[in-house]
Amino acid sequence: MLSFWGITKPLLASWSWRNLVKLRDRVSDCYCYKLGEGNISFWYDPWLDGRAIKDIFPEINPIDSDVPRNAKVNDFFRRGQWCLPLPMDDSTEEAWDCITSNYKIVEEQKDCISREAVCFLVEKFVEGCNVETVEHIFFDCPVSKSILRDVLKACCINRDVCSWRGECSWFSMKAVGRGCLAKVIRTAFISTIYNIWRGKNCIVFDNTVVDAVMIKSWIRFDVMLKMYGYRNSSDSFMCIYQNWYRFCN
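Here the structure is a predicted model, which is why all the values come from computation and not from measurement.

Below, the discussion takes up the overall build of the chain. Within the chain, the secondary structure is distributed over ten helices and six strands. Here the contacts in the chain between residues at least 6 apart in sequence split such that 50% fall between residues at least 24 apart. With the model as given, the accessible surface of the chain reaches about 15,300 Å², and the carbon-plus-sulfur share is 53%.

Below, the structure is given as structure tokens:
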């Protein structure tokens, strides 16, 4: 039985259902398709980065490829490896190469499949990381960790970088209140997370070269803009102000 993404527009269905099917192309880009254990249609569900195999390789005939129309994705991986039939033509061989090259089996997650993780800030494959996680993007990536470490130092916080939950917990307890210092520290943390994410998106979607110095300059701009609005001559505030003034210099 095909899913919502694989069925054809039914002629005898209600007006509402026919129009829901017509909207598939418009809304497909709004969803993140999680493959999980692969219990979905091999041909018709959009598990290849939001697109179905039949859409990417329409010239392939399922019968000739020896993969039934009702086949599931998890019918073709065993013991951490793909078990696809031998390709009978160039189109099928191209499709199989696309699958086996870009998607690998994650045995420790019960044979779930995920795109190979690439750390875009350092432009290399992340060994032992099967999916791009919040933990890696902001805290395990060497570039992100060095940026956050410098931000903590500029805020006069003498400790190393924690995990995502650890950082959120620390800032929610230590950077509370309406005081100038608390607001500056909160701004620094939020700006760091946002601009690391911004830098990653610039690399992925705009094909722009972004390095740690550029991301730190974005963070410095946000923090200095926040500090310019305060009139505070305390020693602790002036120390942080001087640190941020020299940040990236």
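Next, the rest of the story.
Given a rise of 1.5 Å per residue, 26 residues ought to cover 38 Å, and the 36 Å separating the end C-alpha atoms of helix H8 (residues 180–205) matches this to within 8%. Backbone geometry just downstream of H8 places asparagine 207 in the positive-phi region, at approximately 55°.

It is worth spelling out the packing of aromatic side chains at this point. Evaluated as defined, the whole model comprises eleven aromatic pairs. Taking the centre distance of 6.4 Å and the plane angle of 35° together, the rings of phenylalanine 138 and tryptophan 197 count as tilted. Taken together, the residues span a long stretch of sequence, with phenylalanine 138 in helix H5 (residues 134–140) and tryptophan 197 in helix H8 at a distance of 59 residues. Residue phenylalanine 138 is classed as buried on the basis of its relative accessible area, which comes to 7%. In textbook terms, an aromatic cluster arises when at least three aromatic residues are bridged by ring pairs, as seen for Phe42, Trp43, Phe76 and Trp96. Arginine 159 extends its terminal NZ or CZ atom over the ring of tryptophan 170, reaching a point 4.5 Å from the ring centre. Here the basic side chain of lysine 216 rests over the ring of phenylalanine 247, its NZ or CZ set 5.3 Å away from the ring centre.

Residues Glu59, Asp64, Asp89, Asp90, Glu93, Glu94 and Asp97 make up a contiguous surface patch of negative charge. For aspartate 97, the position within the fold is in helix H4 (residues 90–102).

Side chains that differ in sign of charge can pair as their charged atoms come close. Following the criterion strictly, the structure yields three salt bridges and no others. Arginine 149 is the salt-bridge partner of aspartate 160, the closest N and O atoms lying 3.2 Å from each other. Here the residue aspartate 160 occupies a position in the loop between helix H6 (142–154) and helix H7 (164–174), and arginine 149 occupies one in helix H6, the gap between them amounting to eleven residues. When its relative accessible area of 35% is taken as the criterion, arginine 149 is described as partly exposed. A salt bridge links arginine 159 to glutamate 167; the nearest nitrogen and oxygen atoms lie 2.8 Å apart. Overall, arginine 159 belongs to the partly exposed group, its relative accessible area being 22%.

For any two helices packed against each other, the geometry is given by the interaxial angle and the distance between the axes. Relative orientation of the contacting elements helix H9 (residues 212–227) and helix H10 (residues 235–245) amounts to 145°, with a least axis distance of 10 Å. In this structure, H9 meets H10 at a crossing whose hand is left-handed. Contacts between H9 and H10 pair Ile219, Arg220, Val223, Met224 and Met227 from the former with Phe237, Ile240, Tyr241, Trp244 and Tyr245 from the latter. Looking at side-chain class alone, the contact of H9 with H10 contains nine nonpolar, no polar and one charged residues.

Before going further, it helps to examine unusual backbone geometry. The backbone of aspartate 66 sits at a positive phi, close to 65°, despite the residue not being glycine. Examined against the element boundaries, aspartate 66 turns out to sit in the loop between helix H3 (53–56) and strand E1 (77–78). A positive phi angle, close to 55°, is found at asparagine 207, a residue other than glycine. Mapping asparagine 207 onto the fold places it in the loop between H8 and H9.

Quick look at H6 now. The first and last C-alpha atoms of H6 sit 18 Å apart over 13 residues, in line with the 18 Å expected at 1.5 Å per residue. Those residues of H6 hidden inside the fold are in contact with H5, H7, H8, H9 and H10. A positive backbone phi angle near 60° is found at cysteine 156, which sits one or two residues after H6.

Cut-offs applied
Residues numbered from 1 in each chain as written. Predicted model: local features only at pLDDT ≥ 70, side-chain atom pairs only at ≥ 80, totals over all residues. Heavy atoms only, no water. Helix = DSSP H or I, 4+ residues; strand = E, 2+ residues; numbered from the N terminus. Contact = heavy atoms within 4.5 Å. Areas by Shrake-Rupley, 256 points an atom, 1.4 Å probe, with all protein chains shown as cover. Expected span 1.5 Å × (residues − 1). Phe/Tyr/Trp six-rings, centres within 6.5 Å; stacked < 30°, edge-to-face > 60°. Buried < 20%, exposed > 50% of the residue type's maximum accessible area, 1.4 Å probe, protein only. Lys NZ or Arg CZ within 6 Å of the ring centre and 35° of its normal. Patch = residues over 30% accessible without salt bridge, like charges linked within 9 Å, V, L, I, M, F, W, Y side chains within 5 Å. Salt bridge = Lys/Arg side-chain N within 4 Å of Asp/Glu carboxyl O. Lys, Arg positive; Asp, Glu negative; His and termini not counted. Charge placed at Lys NZ, Arg CZ, Asp CG, Glu CD. Axes fitted to C-alpha atoms, helices over the stretch in contact; angles between N-to-C directions. Left-handed = near helix turned anticlockwise from the far one by under 90°. Nonpolar A, V, L, I, M, F, W, Y, C, P; charged D, E, K, R; others polar.

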